[in-house]
Every structure is written in structure tokens, then in C-alpha cells.
Amino acid sequence: MTTVTAPVAADVPSEISDPLNARILAVSEDCIAGFVNEPFAQIAFGAELPEELVIERLRAMLASGVIRRIRQTLMATNLAPGALVAWRVPADKLDSAFNYMVEKDPFSGHVVIRSTDADTPGSVYRLWTTLKVPQEFSMTRHCGFLASSVGADAYRIMPARRLFALGVGHVRRRAIEPGSRSDEPGRVLDTNIVELSPLEWRVLTSLKREFTADEITPNPWRARAEEAGVQLSEFIHVARSLSARAVIGRFSTFLEHVKPSAAGERVTRYNALFHWRVPDGREIEAGKEVGRHHILTHAYWREGGPEFSNVNIMAIAHGTEKQLVLEHKAAIDKHLDEAGIPVLYTNVFWGGRSEIKPSEISPVEYEAWANNVGLSPAASAG
């Protein structure tokens, strides 16, 4: 099949400060939930703009690097066991360890070097990654292999027990005031693993692949159905079934929110990982109250263990000013206090150097990778 590259006019605005682009991104980042037949038409409907214009602008923003990727996201916590992993790596090996996680491990997603404002419990754990390991294999063995590969002398695996907020929406969140929150508590999302058939994996593999500029067209799933070797009607049926089973996340555009654009614009500058310790037994209650807050892109119950003063609620916020991010944190702290939930300890880990990529979740890909690096899949199972 011959690929025809979609032209992108040089004079099409691609910066997020352009009013039409901002309208598009306010919808496309995290407002298209589940699977939809015509995602670009749905974005156009939400932005109240013609689909042709939306397609033109998305192509331009992707070509310029303002948008990092466009893809159908998955609720990967329901497809493969996942965790946030903190690594203690000697300072002279930190950069090479970061590079290894980014370049050599397709199952590590967000890779971030973090720091704290003071010497606090856990501040020696500078390298943080998200990790997915297909359920047939062992996350502990995988982490042991990575630790030996990068020279880490300790690590902490922190699977999510519950999720309370999951989204992106950096453009929309730039205007949010500290304390802004929903009237209802945050949702509680379980992390139960869903079993998929070979057909479902085939459809899912094509569904989740990132879009090139050429593929940003009306009816984008027709070519993906051909790729999966099924009729379009069957592809849509399977995708809707996966969506109904909470396997499908959202159709989303992901901004380059770490590096400045070619014009020098930044979507955000500060990335903060908030930690709280609340009394045992009140994790879900606290998570729901934290999850109300609109500034948060992620909120979850994870056990930090003694390495991190036994924190159990974590959340992520981004902002262009550090003081403003801290004001958002203070507003959440105040709300927890007003809700009668004691905070026994709290901390902030600031993100520095970072790379973000989707974590691979396919068992087939894991087995191939394990064989390639000399980690026997059979030895890593269980």
C-alpha cells in the first residue's frame, strides 16, 4: 500500500497560544472518553469548529512537535499489572540510568528525575518510572533486571491500589484557580486485570498505535481495521466491547509539555508529585477528596513504604509557576483538613529531566524483548 504524506501548509498556526488551537486542545487533550467512531469529528463538535479545520490544525501541531502524539489511550492498569517505581541510583550513574529506561525498556513509560526542596525521606530516590509488565511475567524480576542493568542499589515498587483522577488537559488546566474542585467526590477506579482474546489483542494493537499526520482524516479506523485483518464493522464492535469493559481510556492529543516549542512556548514548566500519609483505612475517602481537584492529572492510592514515610496517597499537578503549584497543594491540604481527614505527613517531589512514552503491554512483545536482552521469559514468569 502506497503512503501519501498529508501536506501541512507552512502558514497554518501551530502554537498553543493561537485561539483556535487552544479551543481544539481544550477538547482533544482529555474530553473524548472511551471509543468513538469518528474521533476528529467529535473533537470538532466539542470545539464548535469545522472538522476540516480541526484536522488541519492537528496535523500542523503534530508536524511542528507541539503535539507529541495522537492516539487512542488504554486503561493499561486493567490490561497489565503496573506500578510507579522509585530507583536509588548513584549520582554518577543517574543520567545513564535515565537513558537506559527511555531507550532500552519499552515497558517503562514516564521516566522522570525528581528532587525535593529539602533532605527528606526518600529524597535519595531520584529516578522515577512508570512500569507495565504483562501478567504472565514478574514485575519483581523485571525490576531486578533493570536495577542490575542501570546500577540501582535499591528500588521501591508502588502499584496503584485505586485511581481517583486520570486525565491530561494541560491547556484547560492553565486557567484553573487553587482550590477549584468538583461538587462530587473523585471517582474510584479499580485496577482489576481483564483477560483478552487473540482477536481482541489484535484489534487493540492496531487501535492503540499512534497516529501519523497522514492518518488524521475522517473515518480513521477504516485503515486500522485493514491493519488488524478484520472488517470495519467487526473492528468497531470489538472496540466498543473493550470500551464497555473499561479497557479503553480516551482518544487524546498529548502535548509536548516538557520542552519548549520552536517558538519558545511552554505548555507547563513544573511537574509536582504530591505525597500524603493519611490514617490506615481512610485511603479511599482521602483519595476521593483529593481527586475532586481540577488541577490534578493523576491521583491514586499507592503505598510508599518506609522509604517514603509510609505515604499512601499520591497525585500529579503541573503548572507554569512553582509558587502557584504550591498554592494548589496548599488548597488540597486545607480541603483535607476541612473534610476531617488528618494528614500525618506530606511532601512534594519536583520533576526535572523527563521523557514520556506509552508503556508496551503486549505479552508477545514482552517475550520477544526478554529473549533479546537475555532475560528468559520462562525464568521471569510467576
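Worth saying up front: this structure is predicted, and the values here are computed from it rather than measured.

1. Section: the overall build of the protein
A count of helical and extended segments in the protein gives 13 helices and twelve strands. Buried positions account for 53% of the 382 residues belonging to the protein. Sequence-distant contacts in the protein: of pairs separated by 6 or more residues, those separated by 24 or more amount to 80%. By element, 51% of the accessible surface of the protein is carried by carbon and sulfur atoms, the whole surface being about 16600 Å².

2. Considering the sheet that holds strand 1 (residues 32–33)
Reading across the sheet, the three strands line up as 1-8-2 and stay open at both edges, with antiparallel pairing between neighbours. Each end of this open sheet is capped by a strand with a single partner; those strands are strand 1 and strand 2 (67–74). Lying on the sheet, helix 1 (residues 19–28) is in contact with strand 1, strand 2 and strand 8 (248–255); it crosses strand 8 at an angle near 150 degrees. Sitting on the sheet, helix 3 (residues 51–64) touches strand 2 and strand 8, and the angle it makes with strand 2 is about 115 degrees.

3. Observations regarding unusual backbone geometry
Backbone geometry at Asn 219 places phi at a positive 55 degrees, although glycine is not the residue there. Exposure remark for Asn 219: the relative accessible area of 23% places this residue in the partly exposed category.

4. Things to note about the pattern of salt bridges
Using the criterion set out here, one finds 15 salt bridges in the structure. The shortest N-O distance in the salt bridge between Arg 209 and Glu 215 comes to 2.9 Å. Two residues, Glu 215 and Arg 224, come together in a salt bridge whose shortest N-O distance is 3.2 Å. This pair shows no difference in class: Glu 215 is buried, exactly as Arg 224 is. Salt bridges sharing partners connect three or more residues here, namely Arg 209, Glu 215, Arg 224 and Glu 227.

What counts and what doesn't
Residues numbered from 1 in each chain as written. Predicted model: local features only at pLDDT ≥ 70, side-chain atom pairs only at ≥ 80, totals over all residues. Heavy atoms only, no water. Helix = DSSP H or I, 4+ residues; strand = E, 2+ residues; numbered from the N terminus. Buried < 20%, exposed > 50% of the residue type's maximum accessible area, 1.4 Å probe, protein only. Contact = heavy atoms within 4.5 Å. Areas by Shrake-Rupley, 256 points an atom, 1.4 Å probe, with all protein chains shown as cover. Pairing = 2+ DSSP bridges. Axes fitted to C-alpha atoms, helices over the stretch in contact; angles between N-to-C directions. Salt bridge = Lys/Arg side-chain N within 4 Å of Asp/Glu carboxyl O.

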